[in-house]
Amino acid sequence: MDTLGLGAIGISIDVSPSYLDDARALESLGFTSLWLPGGQIDRLGRLADLVHATETATIVPAIVPVDVYSPARAGGLFDELSGTGRFGLGLGGPQSARPLAGLGKYLDELEVPTDHLLLAALGPKKLELARDRAAGAIGLLVTPDWTAQTRGALGESTLVVDQFVVVESDPDRARAAAREPLNFLATVPGYRQNFLRMGFTEADVNALSDRLVDGLVVWGSIDDIAERVAAHHAAGADHVVLAPLGASSIDAGRALSELVATSK
């Protein structure tokens with residue numbers, strides 16, 4: 001259930017000198033939500049800037065790291081932007097020895113309505129937290145099979161899939177672009193554990209095998225990408241975020257806007 005008004009397909013936008021202009025252009029191309037990657041949120045004000053620079057798109061961080069920004073700061077940002085009706089708060093982490101306990105404590109102190117809150121979640125316990133204490137979950141580096149299983153675990157809560165995409169049909173170039181973020185993300189315990197839960201082997205993860213890359217990152221033509229997006233929707237995703245690799249947000253967005261038109 002899309003309680004945040006995200007629509008079927010959104011896009012991730014990179015911070016650059018032109019990112020506010022890019023946001024307006026992506027909105028004009030039909031993207032109903034714009035997502036700012038958590039690693040690029042050097043200040044929460046960037047999210048407010050995106051809201052004020054656009055007119056119709058919902059702005060969501062994917063995700064605000066809870067070990068960087070306090071509940072008071074995250075709640076203050078929501079209070080500032082909630083009146084626009086175009087802001088949802090995505091949270092992730094913390095990177096600590098007892099992440100569930102830390103996240104639970106954070107949520108205890110956070111004053112944001114649950115129907116405007118999403119949690120990054122991959123494993124069963126975090127998915128339960130996303131179902132019970134937020135509007136739903138955001139999953140990154142997942143397969144359509146994971147989406148189908150997670151749909152059942154979340155019930156009617158919102159399910160967002162953040163899908164890395166490479167608009168490139170040459171296998172070597174496409175996989176090279178895909179491996180750039182995977183070189184780091186495959187070392188993060190939560191992602192690694194989920195890769196194994198999804199059926200990839202230790203050898204796949206250690207070598208960043210073609211099987212792993214092709215299962216987690218969709219590359220190829222617009223039709224190839226559309227097929228993976230459709231598979232996530234068919235498996236129960238309410239919203240798919242296209243996260244372009246190997247190209248700027250605006251260049252990839254122009255190519256990918258065809259998917260938005262056909263999803264309506």
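See the structure shown above.
To start, this report covers the structure provided alongside it. (Residues numbered from 1 in each chain as written. Predicted model: local features only at pLDDT ≥ 70, side-chain atom pairs only at ≥ 80, totals over all residues. Heavy atoms only, no water.)

1. A few points about the packing of aromatic side chains
The criterion, for reference: Side-chain rings of Phe, Tyr and Trp (the six-membered ring for Trp) are treated as a pair once their centres are within 6.5 Å; stacked means planes under 30 degrees apart, edge-to-face means over 60, and tilted covers the remaining angles. To sort residues, take the accessible area from a 1.4 Å probe on protein chains only and compare it with the maximum for the residue type: under 20% means buried, over 50% means exposed, and anything in between is partly exposed.
According to the stated counting rule, one finds one aromatic pair in the structure shown. Their ring planes at 45° and their centres at 6.4 Å tell us that Phe78 and Phe87 sit as a pair that is tilted. With respect to burial, Phe78 and Phe87 carry one shared label: buried.

2. A look at helix 11 (residues 222-235)
Here is the rule: Secondary structure elements follow DSSP: runs of H or I of four or more residues count as helices, runs of E of two or more count as strands, with numbering from the N terminus. Working rule for helices: expected span equals 1.5 Å times residues minus one. Note: the arc covers the axis-to-C-beta directions of the helix.
Across its 14 residues, helix 11 extends 20 Å between first and last C-alpha, which sits within 8% of the 20 Å expected from 1.5 Å per residue. When we look at burial in helix 11, the residues that qualify are Ile222, Ile225, Arg228, Val229, His232 and Ala235. End-on view of helix 11: buried residues confined to an arc of 160°, all on one side of the axis. Across helix 11 from its buried face, at more than 90 degrees, point the exposed residues Asp223, Glu227 and Ala234. Backbone geometry just downstream of helix 11 places Gly236 in the positive-phi region, at approximately 120°.

3. Concerning the side chain of Thr54
We apply this condition: We call two N or O atoms a polar contact when they sit within 3.5 Å, provided that within protein one can donate a hydrogen and the other can accept it, with sequence-adjacent residues counted only if both atoms are side-chain atoms. We call two residues in contact whenever any of their non-hydrogen atoms come within 4.5 Å of each other.
Within the fold, Thr54 resides in the loop between helix 2 (45-53) and strand 3 (58-62). Within the structure, the side chain of Thr54 is placed 2.8 Å from the backbone oxygen of Leu50, a separation counted as a polar contact. Residue contacts for Thr54: discarding those within four places in its chain leaves Ala23, Arg24, Glu27, Leu34, Ile59 and Arg86.

4. Some points on the pairing of strand 3
Applicable threshold: Following DSSP output, two strands are said to pair if at least two bridges run between them. For a crossover, the right-handed case is the one in which the path from the first strand over the helix to the second runs clockwise, viewed with the strands pointing away from the viewer.
With five of five residues buried, strand 3 is to be regarded as a mostly interior element. The alternating pattern of strand 3 places Thr58, Val60 and Ala62 on one face and Ile59 and Pro61 on the opposite face, and all of these are buried. Where strand 2 (residues 33-37) meets strand 3, five bridges bridge the pair, whose relative direction is parallel. Residue pairing across strands places Ser33 opposite Thr58, the latter belonging to strand 3. For the handedness criterion, the β-α-β arrangement of strand 2, helix 2 and strand 3 is classed as right-handed.

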